[in-house]
Amino acid sequence: MIKNNIKTALSSLLMLAAGTTKAQVAVGKQNITNASVSLEFANTENRGLILPYITDKSNITVEGSTIYDTTDHKVKYLKASGVWANLSEDDGTAATTGTADLSIQGLDKTEQSKAKTTIGANGATDDTTAGILVLTDSNKAMILPKVSSPHLNIINPAPGMMVYDTTKKQLAVYNGKVWSFWKP
């Protein structure tokens, strides 16, 4: 009886620890440098964040979802109005359609709805089904990888890559052929 109680207590502690250990995550460095950050990348390498490749976005309904749409090879995010905004166009004109080798993404595989990572205080209870990386905090943000002139310094960018260009002070998005730059 005592052994079972100890096992139950240990299991409970481990589950509690697992649910809270991902409150903030640093990638490529030891520590988060800002308390308002859920996910922060090191700025020591010329690499970016690659978005998920999506073939059917009809089931994605969470405002702010950001994807690489394989139907037209463009980076998009879902606006509050339910309309997908195209981030592959930085000046309002049609950008060059991107390209991507979709065979490496395993698009013929069945997606596992529970295969996701959550980061944040609500990570253990988050029920979002359409995300693979979900930042659950309502008062923290993600800091993108910082790269000086990514169009010059990222040797082989992948379609769907996003970085913060420290030279232009802009969001940089790669669609498989061209970089688009966004300024607030």
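Before any of the text, the structure's been laid out above.
The structure presented is a predicted model; accordingly, all values stated were derived computationally and were not measured.

Engineer: So what about the nonpolar core? Which residues, and what values?
Structural biologist: Leu 39, Phe 41, Leu 49, Leu 51, Tyr 53, Tyr 68, Val 75, Leu 87, Ile 119, Leu 144, Met 162 and Val 173 form the largest nonpolar core, which has 12 residues in total. What Phe 41 contacts, discounting residues up to four positions off in sequence, is Val 27, Lys 29, Leu 49, Met 142, Ile 143, Leu 144 and Pro 145. With nine residues, the next largest nonpolar core counts Ile 154, Ala 158, Val 163 and Phe 181 among its residues.

Engineer: For the side chain of Asp 165, give the residues involved together with the corresponding values.
Structural biologist: With respect to the helices, strands and loops of the structure, Asp 165 is situated in strand S12 (residues 161–165). There is no salt bridge for the buried Asp 165, and the closest opposite charge comes from Lys 168, which lies 5.3 Å off by N-O distance. In terms of polar contacts, Asp 165 uses its side chain to reach the backbone amide nitrogen of Thr 167, at 2.8 Å. A distance of 3.2 Å separates the side chain of Asp 165 from the backbone nitrogen of Lys 168, its partner in a polar contact.

Engineer: Describe the environment of Lys 169, listing the residues and the values that go with them.
Structural biologist: Tracing the backbone shows Lys 169 in the loop between S12 and strand S13 (170–174). As for Lys 169 and Phe 181, which are separated by 12 residues in sequence, their C-alpha atoms are 9.3 Å apart. A polar contact of 3.0 Å, which involves the side chain of Lys 169, links it to the backbone oxygen of Thr 166.

Engineer: Can you lay out the packing of aromatic side chains for me, pointing to particular residues and giving the numbers?
Structural biologist: Under the criterion given, the structure shown has two aromatic pairs. Centre to centre, the rings of Tyr 53 and Tyr 68 are 4.9 Å apart; their planes meet at 40°, and the pair counts as tilted. You can see Tyr 53 sitting in strand S4 (residues 53–54) and its partner Tyr 68 sitting in strand S5 (residues 66–69), a full 15 residues away along the chain. Both residues of the pair, Tyr 53 and Tyr 68, count as buried.

Calculation criteria
Residues numbered from 1 in each chain as written. Predicted model: local features only at pLDDT ≥ 70, side-chain atom pairs only at ≥ 80, totals over all residues. Heavy atoms only, no water. Core = buried A, V, L, I, M, F, W, Y, C linked by side-chain atoms within 4.5 Å. Buried < 20%, exposed > 50% of the residue type's maximum accessible area, 1.4 Å probe, protein only. Contact = heavy atoms within 4.5 Å. Helix = DSSP H or I, 4+ residues; strand = E, 2+ residues; numbered from the N terminus. Lys, Arg positive; Asp, Glu negative; His and termini not counted. Salt bridge = Lys/Arg side-chain N within 4 Å of Asp/Glu carboxyl O. Polar contact = N/O pair within 3.5 Å; in protein donor to acceptor, adjacent residues only side chain to side chain. Phe/Tyr/Trp six-rings, centres within 6.5 Å; stacked < 30°, edge-to-face > 60°.

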